[in-house]
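Results of the structural survey
One-letter residues, chain by chain:
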Amino acid sequence: MRSKKAQNLQSSLQASGNSGRFDRLDALRGFALIWMAVFHFCFDLSNYRLLDANFYADPLWTVQRTCILSLFLICAGAGQAVATEQGQTLARFWRRWAQIVGCALLVSAGSWFMFPHSYISFGVLHGMAVMLIVARLSAPLRSRLWGLGGVALALPQLIQHPFFDTRLTNWVGLVTHKPITEDYVPILPWLGVMWWGMAATQWILSHRRHWLSAQTLGSGDNAGLPRFIAAARSKLAVLGRWSLTFYMVHQPVMIGGLLAWMTLTGRPF
């Protein structure tokens, strides 16, 4: 007789299309991608002086940035909880990790071209590459991740030292001031957010697996939703499965389109 855990895993795979994916988690990631794209488009408009906005000091934008980043890291932690529970092989983990590292290097190169004095040396992909390794190794700690996450969130508020203010060391996060860069996602405090996302999802997988799964449009879980909401959630789930690809192409497409429009309308760059 199969164990109850094996039966639960099988039912979850069936609920998510036999792919091992969880539609609601993918949809949440897709929502974060759309929010990020809108935020970045507004940043592009500001960068080309088409929008009067201060993305470095105005709470309207700084708080949004914090929320978007937190949502991404929660989803990343959740993804690692799912992957480890489903027995993801190390080969598959390292293959995905290598893709993230390669994309991080491309982001650094592209940002240096556009912002040579404030290029991205340790942004979201750089931070995620390091944090994913830590998350993978610490997954067996389960509920203890809540406490570790709290410590990670608190440490930058309690400890700052000039040693961590250089580009070679600021990735740790214990800086005395934020570096001049277009994106900065140090290990501390953000590892705490990923740990909490992992701990929460591990609990959900053990006690409320159905929270993560949605049935196909027009049936089961979606039957009680207005059709347009169910359709939107379904499309967000599809987008959420291509998060890295979307992350890498959305800015070149938006900036290219914006520059083409400015050229056609005779607006100065």
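Each remark here, short or long, concerns the structure printed above.
A brief report on the enclosed structure follows.

Rules used in this analysis
Residues numbered from 1 in each chain as written. Predicted model: local features only at pLDDT ≥ 70, side-chain atom pairs only at ≥ 80, totals over all residues. Heavy atoms only, no water. Helix = DSSP H or I, 4+ residues; strand = E, 2+ residues; numbered from the N terminus. Buried < 20%, exposed > 50% of the residue type's maximum accessible area, 1.4 Å probe, protein only. Contact = heavy atoms within 4.5 Å. Areas by Shrake-Rupley, 256 points an atom, 1.4 Å probe, with all protein chains shown as cover. Core = buried A, V, L, I, M, F, W, Y, C linked by side-chain atoms within 4.5 Å.

**Quick word on the overall build of the protein chain**
The number of helices and strands found in the protein chain is nine helices and zero strands. In sequence order, the secondary structure elements of the protein chain are arranged as α-α-α-α-α-α-α-α-α. When each of the 269 residues of the protein chain is scored for burial, the buried share is 43%. Of all intrachain contacts in the protein chain linking residues separated by at least 6 positions in sequence, the fraction that spans at least 24 positions is 72%. Accessible surface computed for the protein chain: about 14800 Å², of which carbon and sulfur atoms make up 67%.

**Things to note about the nonpolar core**
The biggest cluster of nonpolar side chains holds 61 residues, and the ones touching the most others in it are Leu-73, Leu-125, Met-131 and Met-194. Among the secondary structure elements, those contributing two or more residues to this core are helix H2 (23–47), helix H3 (59–85), helix H4 (90–114), helix H5 (124–138), helix H6 (144–158), helix H7 (187–207) and helix H9 (243–265). When near neighbours in sequence (up to four residues on either side) are disregarded, Leu-73 contacts Met-128, Met-131, Trp-190, Val-193 and Met-194. Core analysis: the second largest hydrophobic core is formed by five residues, Leu-45, Tyr-48, Ile-255 and Leu-258 among them.

**Quick notes on unusual backbone geometry**
At the junction of Leu-188 and Pro-189, the peptide bond is cis and its omega measures out at 15 degrees in the coordinates. Here Pro-189 lies in helix H7. Positive phi is not limited to glycine here, since Arg-49 has a value of about 60 degrees. Locating Arg-49 in the fold gives a position in the loop between H2 and H3. The exposure class assigned to Arg-49 is exposed, which follows from its relative accessible area of 59%. One non-glycine residue with positive phi stands out, namely Arg-142, at about 50 degrees. The residue Arg-142 is located in the loop between H5 and H6 in this model. Arg-142 gets classed as partly exposed once you look at its relative accessible area, which sits at 40%.

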